[in-house]
Amino acid sequence: DRTLLTYEQRSELSTNTVAKRLFHIMSAKKSNLCLSIDLTSTIKILDMIEKVGEHICLLKTHADIIEDFNTDFTVSLKNLAKKFNFLILEDRKFADIGNTVALQYSKGIHKIAEWADCVTVHSLPGEGILKAINNSCDNGIGSRGVFLLAEMSSEGNLITTEYTAQTVKMASKYPNVLTGFVCQTKESFNDPRYIQLTPGVQFECSKDELGQVYNTPEKVILEKGADVVVVGRGIVTAKNPEAQAVLYKNVLWSNYLRRVSG
Ligand code: S5P
């Protein structure tokens, strides 16, 4: 059972550099909290990171919602990642043929490959999408990672258990580029090298108006097998985001300790 191993033990097994680094950061900072920073201005994003950067292991961005996106911003982002010791996940959810994804990954305004340690990718188009990112890494951008979408949190999504199983099978051919899976259940995969990233988490409130479904920190860590937990609006829209981030960090970490102590 991968969920009974510690993050340190799992970092020893990692075949993807980003997964290894993330496991190390989690142990060092005693944090398995990923902040989903779904804000639309660069100033607001950088301000928020100054407040909560110390408490997170991973920062999840949506570059395409930022109205004033620019390269100075990505430089600041990388500096903050260094200062506070967290990694950056661009939640681009690529879902096209490999050739198009290779371009979307490295070109355009966002040049994601230059500043994001890892990206999210849908398995729907087939393994060409993993090959594309893998090739980009081999061709000079260095060690990067992929979180493959194996399940989603939203109501009525079309992913079946068969789709999840095939996704995990497809990924097994790319151990060097695979950081983990975005999923909701412990049963979706077994391999301890990979990180389970689970969104849809808040202390209160079980849904939003657009189909998002929330679970509690305790439930996602203890029952659902989450390794890194994504919290967005639960922190970002709080009156005091820093205090709220500390609360989430502590609850998530104590549930992880409960889990690995059996
Ligand atoms: O299944 C998913 C996968 C992802 S990556 N469900 C999700 O909600 N997400 C992302 O997690 C979503 O795009 C958003 O950025 C974040 C959840 O934000 P929250 O405000 O609902 O916590």
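Residues numbered from 1 in each chain as written. Predicted model: local features only at pLDDT ≥ 70, side-chain atom pairs only at ≥ 80, totals over all residues. Heavy atoms only, no water.

Named according to an unreviewed UniProt entry, the protein is Uridine 5'-monophosphate synthase originating from Diatraea saccharalis.

A. Spotlight on the pattern of salt bridges. Applying the stated criterion to the full structure yields 13 salt bridges. As a salt-bridge pair, Glu127 and Lys173 come within 2.7 Å of each other at their nearest N and O atoms. Remark: Lys173 occurs in the loop between helix H8 (161-171) and strand S6 (178-182) and Glu127 occurs in the loop between strand S4 (118-122) and helix H7 (128-141); sequence separation between them is 46 residues. Residue class for Glu127 comes out partly exposed when judged on its relative accessible area of 23%. (Salt bridge = Lys/Arg side-chain N within 4 Å of Asp/Glu carboxyl O. Helix = DSSP H or I, 4+ residues; strand = E, 2+ residues; numbered from the N terminus. Buried < 20%, exposed > 50% of the residue type's maximum accessible area, 1.4 Å probe, protein only.)

B. Representation of the sheet that holds S6 in the model. Overall, parallel pairing links the eight strands, which are arranged S1-S2-S3-S4-S5-S6-S7-S8 in a closed barrel. Within this sheet the neighbouring strands show an average axis-to-axis angle of 25°, counted without direction. Against the sheet, helix H11 (residues 241-260) engages strand S1 (33-36) and strand S8 (228-231), with an angle of about 145° to S1. (Pairing = 2+ DSSP bridges. Axes fitted to C-alpha atoms, helices over the stretch in contact; angles between N-to-C directions. Contact = heavy atoms within 4.5 Å.)

C. Up close: the environment of Ser36. Topologically, Ser36 is positioned in strand S1. In sequence terms Ser36 and His62 are 26 residues apart; their C-alpha atoms lie 8.4 Å from each other. A polar contact of 3.2 Å, which involves the side chain of Ser36, links it to the side chain of Lys60. (Polar contact = N/O pair within 3.5 Å; in protein donor to acceptor, adjacent residues only side chain to side chain.)

D. The side chain of Thr120, seen in detail. Among the secondary structure elements, Thr120 is positioned in strand S4. Classification of Thr120 as buried rests on a relative accessible area of 2%. Polar contacts involving the side chain of Thr120 include one to the side chain of Asp91, which spans 2.7 Å. For Thr120, the side chain forms a polar contact with the main-chain nitrogen of Lys93, separated by 2.9 Å.

E. Examining the UniProt feature "binding site: substrate" (unreviewed entry) in the protein more closely. Mapped onto the present numbering, the UniProt feature "binding site: substrate" (unreviewed entry) falls at Asp38, Lys60, Ser153, Gln212, Gly232 and Arg233. Of the annotated set, the members that line the largest pocket are Asp38, Lys60, Ser153, Gln212, Gly232 and Arg233. Examined against the element boundaries, Asp38 turns out to sit in the loop between S1 and helix H3 (42-52). Reaching out from Asp38, the side chain makes a polar contact with the side chain of Ser36 at a distance of 3.0 Å. Counting through the fold element by element, Gly232 comes out in the loop between S8 and helix H10 (233-236). Beyond its immediate chain neighbours, meaning those up to four positions away, Gly232 contacts Leu35 and Ser36. (UniProt positions renumbered as here; feature names shortened; annotations may be inferred. 1 Å grid on protein atoms, 1.4 Å probe; cavity = no way out; pocket = protein on both sides within 12 Å on 5 of 7 lines; lining within 4 Å.)

F. Broad picture of the layout of surface pockets. A volume near 480 Å³ is recorded for the largest pocket. Forming the boundary of the largest pocket are 29 residues, of which Asp38, Lys60, Ser153, Pro199 and Gln212 lie nearest the centre. Elements that contribute at least two residues to the lining of the largest pocket include exactly strand S3 (87-94), S8 and H10. Of the residues contributing to the lining of the largest pocket, the split by class is 10 nonpolar, 12 polar and seven charged. Put simply, the second largest pocket is a space of about 220 Å³. Listing elements by their share of the lining of the second largest pocket, those giving two or more residues are helix H2 (17-29), helix H4 (71-84), S3 and helix H6 (112-115). Among the elements that take part in the lining of the second largest pocket, H4 stands out by supplying four residues, more than any other. Its residues assigned to classes, the lining of the second largest pocket shows seven nonpolar, two polar and six charged. (Points joined across faces, edges and corners; volume = space filled by probe spheres on them. Nonpolar A, V, L, I, M, F, W, Y, C, P; charged D, E, K, R; others polar.)

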